[in-house]
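So you can see what is in the structure, the chains are spelled out below.
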Amino acid sequence: MGEGCRWGTRHRWERIVVDVQGAVTPGYEPVKDAFVRNFTHRGDHGAAVSVYRDGRKVVDLWAGTRDVDGTAPWALDTAQIVRSATKGVAAAVPLLLHQRGRLDLDAPVSTYWPEFKAAGKERTLVRHLLAHRAGVPALDRPLTPAEAADGETGPAAVAAQAPLWQPGTAHGYHAQTYSWLLGELVRRVTGRTIGRWLAEEIAGPLGLDFWLGVPDTEAHRVGRIGPVEAPEGEGGLRLRPKRSVSEAYADPDSPTRRAFGAIDPMPEENDPAYRAAELPASAGISTARALARFYAATIGQVDGGQRLFAPATLTLARTEESAGPDRVLVVNTRFGLGYMLHGPAAPLLAPGSFGHPGRGGSLGFADPESGLAFGYVTNGLQKGVTADPRAQALVRALRSIV
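Here is a short report on the structure shown in this document. (Residues numbered from 1 in each chain as written. Predicted model: local features only at pLDDT ≥ 70, side-chain atom pairs only at ≥ 80, totals over all residues. Heavy atoms only, no water.)

### What about the overall build of the protein chain?
Link 1 in the chain: Each helix and strand counted, the protein chain has 14 helices and 15 strands in total.
Link 2 in the chain: Radius of gyration (C-alpha) of the protein chain: 20 Å, near the 21 Å computed for a compact globule of 402 residues.
Link 3 in the chain: Among the 402 residues that make up the protein chain, the fraction classed as buried is 58%.
Link 4 in the chain: Within the protein chain, contacts between residues separated by at least 24 positions form 67% of all contacts whose residues are at least 6 apart in sequence.
Link 5 in the chain: For the protein chain, the accessible area works out to roughly 15600 Å², and carbon and sulfur atoms hold 51% of it.
Link 6 in the chain: A gap of 3 Å separates the mean positions of the 45 positive and 43 negative side-chain charges of the protein chain. (Helix = DSSP H or I, 4+ residues; strand = E, 2+ residues; numbered from the N terminus. Rg over C-alpha atoms; globule rule 2.2 N^0.38 Å. Buried < 20%, exposed > 50% of the residue type's maximum accessible area, 1.4 Å probe, protein only. Contact = heavy atoms within 4.5 Å. Areas by Shrake-Rupley, 256 points an atom, 1.4 Å probe, with all protein chains shown as cover. Lys, Arg positive; Asp, Glu negative; His and termini not counted. Charge placed at Lys NZ, Arg CZ, Asp CG, Glu CD.)

### Some remarks on the layout of surface pockets
If a probe as big as a water molecule is rolled over the atoms, it shows which places are left empty.
Link 1 in the chain: Taken as a whole, the second largest pocket encloses approximately 230 Å³ of empty space.
Link 2 in the chain: Around the second largest pocket, the lining is made up of 16 residues, and of these Gly-151, Pro-155, Gly-183, Thr-193 and Glu-278 lie nearest the centre.
Link 3 in the chain: Residue assignment for the lining of the second largest pocket shows that the elements contributing at least two residues are α5 (145-149) and α7 (178-190).
Link 4 in the chain: Ranked by residues supplied to the lining of the second largest pocket, first place goes to α7 with five residues.
Link 5 in the chain: The class makeup of the residues in the lining of the second largest pocket is eight nonpolar, four polar and four charged. (1 Å grid on protein atoms, 1.4 Å probe; cavity = no way out; pocket = protein on both sides within 12 Å on 5 of 7 lines; lining within 4 Å. Points joined across faces, edges and corners; volume = space filled by probe spheres on them. Nonpolar A, V, L, I, M, F, W, Y, C, P; charged D, E, K, R; others polar.)

### Observations concerning empty space enclosed by the protein
Link 1 in the chain: According to the stated counting rule, one finds one cavity of 30 Å³ or more in the structure shown.
Link 2 in the chain: By volume, the largest cavity is sized at about 60 Å³.
Link 3 in the chain: Lining the largest cavity are 13 residues, with Ala-48, Leu-76, Thr-287, Ala-288 and Arg-289 sitting closest to its centre.
Link 4 in the chain: Breaking the lining of the largest cavity down by element, the ones donating at least two residues are β3 (46-53), β4 (56-64) and α12 (288-299).
Link 5 in the chain: Within the lining of the largest cavity, the residues separate by chemical class into eight nonpolar, three polar and two charged.

### Regarding the environment of Ala-131
Link 1 in the chain: With respect to the helices and strands, Ala-131 occurs in the loop between α4 (126-130) and α5.
Link 2 in the chain: A relative accessible area of 0% places Ala-131 in the buried class.
Link 3 in the chain: Along the sequence, Ala-131 and Ser-322 sit 191 residues apart, while their C-alpha atoms lie 6.3 Å from each other.
Link 4 in the chain: Every residue in contact with Ala-131, bar those within four places of it in the chain, is listed here: His-171, Glu-321, Ser-322, Phe-335, Gly-336 and Leu-337.

### Considerations on the pattern of salt bridges
Link 1 in the chain: Under the definition given, this model contains 25 salt bridges.
Link 2 in the chain: Taking the shortest distance from any N to any O, the salt bridge between Arg-390 and Asp-44 comes out at 3.0 Å. Here the residue Arg-390 occupies a position in helix α14 (residues 389-401), and Asp-44 occupies one in the loop between α1 (29-40) and β3, the gap between them amounting to 346 residues. Side by side, Arg-390 and Asp-44 carry an identical accessibility label, which is buried.
Link 3 in the chain: For Glu-184, the salt bridge identified is with Arg-188, shortest N-O distance 2.7 Å. Of this pair, Glu-184 and Arg-188 both sit in helix α7, separated by four residues, roughly a single helical turn. (Salt bridge = Lys/Arg side-chain N within 4 Å of Asp/Glu carboxyl O.)

### Remarks on the packing of helix α6 (residues 153-160) against α7
Link 1 in the chain: Two numbers describe how α6 lies on α7: the axes approach to 9 Å, and their chain directions differ by 100°. The angle between α6 and α7 falls in the class roughly perpendicular. On the side of α6, the interface is formed by Gly-154, Pro-155 and Val-158, while α7 contributes Trp-180, Leu-181 and Glu-184.
Link 2 in the chain: Each residue belonging to the contact of α6 with α7 can be placed in one class, and the counts come to four nonpolar, one polar and one charged. (Axes fitted to C-alpha atoms, helices over the stretch in contact; angles between N-to-C directions. Parallel < 35°, antiparallel > 145°, perpendicular 65-115°, else oblique.)

### Quick word on the sheet that holds strand β5 (residues 80-81)
Link 1 in the chain: Strand order in the open sheet formed by three strands is β5-β8-β6, and the pairing between neighbours is antiparallel. The open sheet has two edge strands, β5 and β6 (210-211), and neither has a second partner.
Link 2 in the chain: Two elements, β5 and strand β8 (residues 285-286), share two bridges in a ladder whose sense is antiparallel. Its bridge partner being in β8, Ile-81 is matched across the sheet by Ile-285. (Pairing = 2+ DSSP bridges.)

### Regarding α1
Link 1 in the chain: Under the 1.5 Å per step criterion, the end-to-end length of α1 is 17 Å for twelve residues, consistent within 8% with the ideal 16 Å.
Link 2 in the chain: Taken as a whole, α1 has its buried residues at Val-31, Lys-32, Ala-34, Phe-35, Val-36, Asn-38, Phe-39 and Thr-40. (Expected span 1.5 Å × (residues − 1).)

### What about the nonpolar core?
Link 1 in the chain: Trp-180, Ile-202, Phe-294, Phe-309, Tyr-339 and Phe-354 are the most contacted members of the largest nonpolar core, which totals 85 residues.
Link 2 in the chain: When residues of this core are assigned to their parent elements, the largest contribution, nine residues, is made by α12.
Link 3 in the chain: Excluding anything up to four places from it in sequence, Phe-309 contacts Ala-92, Leu-95, Leu-96, Gln-99, Ala-297, Thr-298, Leu-314, Ala-317 and Tyr-339.
Link 4 in the chain: Counting 28 residues, the second largest nonpolar core, distinct from the first, contains Ala-34, Phe-35, Val-59 and Phe-374. (Core = buried A, V, L, I, M, F, W, Y, C linked by side-chain atoms within 4.5 Å.)

### Describing the packing of aromatic side chains
Link 1 in the chain: Counted according to the given criterion, the structure contains ten aromatic pairs.
Link 2 in the chain: Between Phe-294 and Tyr-295 the ring centres are 4.9 Å apart and the planes differ by 75°, which places this aromatic pair in the edge-to-face class. Of the two residues, Phe-294 and Tyr-295, neither departs from the other in class, the shared state being buried.
Link 3 in the chain: For the pair Tyr-295 and Phe-354, a centre-to-centre distance of 6.1 Å together with 65° between the ring planes defines the contact as edge-to-face. One end of the pair, Tyr-295, is in helix α12; the other, Phe-354, is in strand β12 (residues 354-357), with 59 residues separating them in the sequence. (Phe/Tyr/Trp six-rings, centres within 6.5 Å; stacked < 30°, edge-to-face > 60°.)

Here is the structure:
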């Protein structure tokens, strides 16, 4: 099934017409059925899903509108901001630097970034940054969107910040500060920004439509994202969060609110300036096809060509580094080096899967045992951080096949 192979099918269900474009390999029809149901029952406005198996594309579907608030159709090359699904792609940069002998995961961060040892962080290791154990998920003073994107204020702020816990002794999701931690580490090691390194060493060679800082020549392809309500009933999965989680998000002094509010006010994610920012925690722009192809390359050759991770690096990505109560998300989470691991808080395909969701919907992951790699991108952001019902419906469909 090549890039140019496409078909369209119109599905009518409860007065909703879904014009599905793309193709599926025979045997993967349950994924298409779940994709259609995401529009008819789970509130999707515009979305795409892609699956690779053993380095070959077996699912490539898209439907709906390019903009969450528009009418132009989603096209073959439509891309969207994928929020924290960015983290999984960005994490490949330090892992590949380690694979190439340029970055020691067990070295103190200050080996490469001397200013980072301030305020009790001298024993923070590189692996602590990747596993959300660095203790700096929040800042004493949140940054403005302009400061967050300028490439200097964010790194200086996390370098000066005192940790909320002794680094390495606990974990908590570094929702926003991950951008400046990872970005500055890569810049200090390579002399290149993380967006440039990713473009030159990963996205370019693999042919990925993925950007940290979308170029002007590609900006027209990026759709508008926005909040949408999950419908009541079967597809909405409107589960009440635990009281502890609700209270954490409501308390302005909690690590949860402070971590997600490290940029204040919240950036306007459809602003061209934000789309051009190199924020590896939250501002990656991607197609579903690129997410799936990236993860396919982490576990094997893609289309008979390049493989990203050597076996030892793949082991690092999915070996548990952090597990149990997450001081920010207030649920039990599991992380390898840069990747969320399969578990109740972030269900992926199987116990050996690794990847990363994006708050509100998007998801990318790989499962080495089955040879599957998955990417889902949406412009309609629903409530929830790690287990979007639309992405989960697609994963369940995929699980039923394998």
